[in-house]
Amino acid sequence: MVIFKEAAQLGDFLRHKVENNLNIGFIPTMGALHSGHISLVKNAHAQGMFTVCSIFLNPTQFNDKKDYEQYPVSTDADIEMLLQAGCDVLFLPSVEEMYPGGTDKMKTYDFGYLDTILEGANRPGHFKGVGQIVSRLLDIVKPHTLYLGQKDYQQCMVIKKLIEILGLPSLNLVISPTLREQDGLAMSSRNRRLTEPQRALAALLYQCLVSIQTKQAGGNFAIVQKECTDLLIAKGFTPEYVALADANNLQLLSNYDNSVPMITLIAAKIGEIRLIDNILLQ
Ligand code: PAF
């Protein structure tokens, strides 16, 4: 695996690979890698991609400074995992390399409705930062296929929209299902920050999503939503949202609607740690 810290060098290297008929598969990350990230790398590799992963803790997407400062960093272990997974290139840039003129100088993008709901409403500026960094990364790496995890479903939709805005119709977006721990907790870098008692409770988010799914036949979403919210509060969480939406466009639904593909999404804090999860309803 070759490690690059500079955008220009990586760009030159990848251009040669493309001239030699290789397809670039790209997995952007913020590090603290877990099996979910690694499954994306393995998937790209298995699809015959020349596989590029980036690790960059992007300051502009953190609306909470403390969350940024406390975000787990484990670069040595990450490199080891990427090597084992068959990753070809790791891009490990500095903040200056990604924002050469400063973070204020970078172009921002308007995601409209998508930025006003759920994560957008609860984390002001978050998707602006995601748009800035992903557009910069796409410009450097110029991938044929971009691999993302479903756990950040709204982010996947924002990036899909960004691809449209940037006019990159040939860029293929692959969204892979969320990997879970044995008790159902969605894998996430932030899970590392959970204390043992918090970790023991954390799978409640998944249980809520499953109960929303189970009660869809003839059910009333408002009732299940309240049950979940009350349960989360009773167990010491601070819920931010328990939502149901059209999976195609994230238009929020006030009740189950079997005429559209549905997704249920949840965000709650336990102590200082903010967890999110979602499942597609069947
Ligand atoms: O999902 C993430 O880890 C980040 O939001 C991303 C897409 C790498 C952009 O910084």
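No experiment lies behind these values; they were computed from the predicted model shown.

A. Layout of the overall build of the protein. Each helix and strand in the protein was counted, giving 11 helices and nine strands. For 282 residues, the compact-globule estimate of 2.2 N^0.38 gives 19 Å, and the protein sits close to it at 19 Å. Overall, the protein is about 55 × 40 × 40 Å in size when its C-alpha atoms are taken along their principal axes. Here the protein holds 282 residues, and 51% of them are scored as buried.

B. Broad picture of the packing of aromatic side chains. Using the criterion set out here, one finds six aromatic pairs in the structure. Relative to Tyr-68, the ring of Phe-62 lies with its centre 5.3 Å away and its plane at 50°, an arrangement referred to as tilted. The exposure class assigned to Phe-62 is buried, which follows from its relative accessible area of 11%. In this structure Tyr-68 comes out as partly exposed when scored by relative accessible area, which is 27%. Judged by centre distance (6.0 Å) and plane angle (80°), the rings of Phe-221 and Tyr-256 are edge-to-face. You can see Phe-221 sitting in helix α11 (residues 221-234) and its partner Tyr-256 sitting in the loop between β7 (237-246) and β8 (262-270), a full 35 residues away along the chain.

C. The packing of helix α1 (residues 7-19) against helix α7 (residues 126-141), seen in detail. Across the interface, α1 lies against α7 with an axial gap of 8 Å and an inter-helix angle of 45°. It follows that α1 is oblique to α7 by the angle criterion. On the side of α1, the interface is formed by Ala-7, Leu-10, Gly-11 and Leu-14, while α7 contributes Arg-136, Ile-140 and Val-141. Looking at side-chain class alone, the contact of α1 with α7 contains five nonpolar, one polar and one charged residues.

D. Main features of the sheet that holds β7. Here three strands make up an open sheet; going across it, the order is β7-β8-β9 and the pairing antiparallel. Edge positions in the sheet fall to β7 and β9 (273-280), since each has one partner strand and no second. Going across the sheet, the axis of each strand differs from the next one's by a mean of 10°, ignoring polarity. Of the strand pairs in this sheet, β8 and β9 are connected by eight bridges, and their pairing is antiparallel. Bridge assignment links Lys-269 to a residue of β9, and that residue is Arg-274.

E. Representation of the site of the ligand. Neighbouring the ligand are Pro-28, Thr-29, Met-30, Gln-61, Ile-133 and Gln-155. Gln-61 places a side-chain nitrogen or oxygen 2.6 Å from an oxygen atom of the ligand. Contact between the ligand and Gln-155: an oxygen atom at 2.6 Å from a side-chain N or O atom of the residue. Compared with its free state, where it exposes 290 Å², the ligand has 89% of that area covered by protein.

F. Representation of helix α2 (residues 35-46) in the model. Between the first and last C-alpha of α2 there are 16 Å, a value that for 12 residues agrees with the 16 Å anticipated at 1.5 Å per step. Of the residues making up α2, those classed as buried are Gly-36, His-37, Ile-38, Leu-40, Val-41 and Ala-44. Structurally, α2 contributes buried residues whose contacts are with β2 (24-29), β3 (50-55), α4 (75-85), β5 (145-149) and β6 (172-176). Positive phi appears at Gly-48, one or two residues downstream of α2, with a value of about 80°.

G. Quick look at the UniProt feature "binding site: beta-alanine" (unreviewed entry) in the protein. As annotated by UniProt and renumbered to match this structure, "binding site: beta-alanine" (unreviewed entry) occupies Gln-61. Note that Gln-61 resides in the loop between β3 and α3 (65-70). In this structure, Gln-61 is in contact with Met-30, Arg-123, His-126, Gly-129, Val-130, Ile-133 and Gln-155, ignoring residues within four places of it in sequence. Reaching out from Gln-61, the side chain makes a polar contact with the side chain of Asn-58 at a distance of 2.9 Å.

Thresholds applied
Residues numbered from 1 in each chain as written. Predicted model: local features only at pLDDT ≥ 70, side-chain atom pairs only at ≥ 80, totals over all residues. Heavy atoms only, no water. Helix = DSSP H or I, 4+ residues; strand = E, 2+ residues; numbered from the N terminus. Rg over C-alpha atoms; globule rule 2.2 N^0.38 Å. Buried < 20%, exposed > 50% of the residue type's maximum accessible area, 1.4 Å probe, protein only. Phe/Tyr/Trp six-rings, centres within 6.5 Å; stacked < 30°, edge-to-face > 60°. Axes fitted to C-alpha atoms, helices over the stretch in contact; angles between N-to-C directions. Parallel < 35°, antiparallel > 145°, perpendicular 65-115°, else oblique. Contact = heavy atoms within 4.5 Å. Nonpolar A, V, L, I, M, F, W, Y, C, P; charged D, E, K, R; others polar. Pairing = 2+ DSSP bridges. Near = heavy atom within 4 Å. Polar contact = N/O pair within 3.5 Å; in protein donor to acceptor, adjacent residues only side chain to side chain. Areas by Shrake-Rupley, 256 points an atom, 1.4 Å probe, with all protein chains shown as cover. Expected span 1.5 Å × (residues − 1). UniProt positions renumbered as here; feature names shortened; annotations may be inferred.

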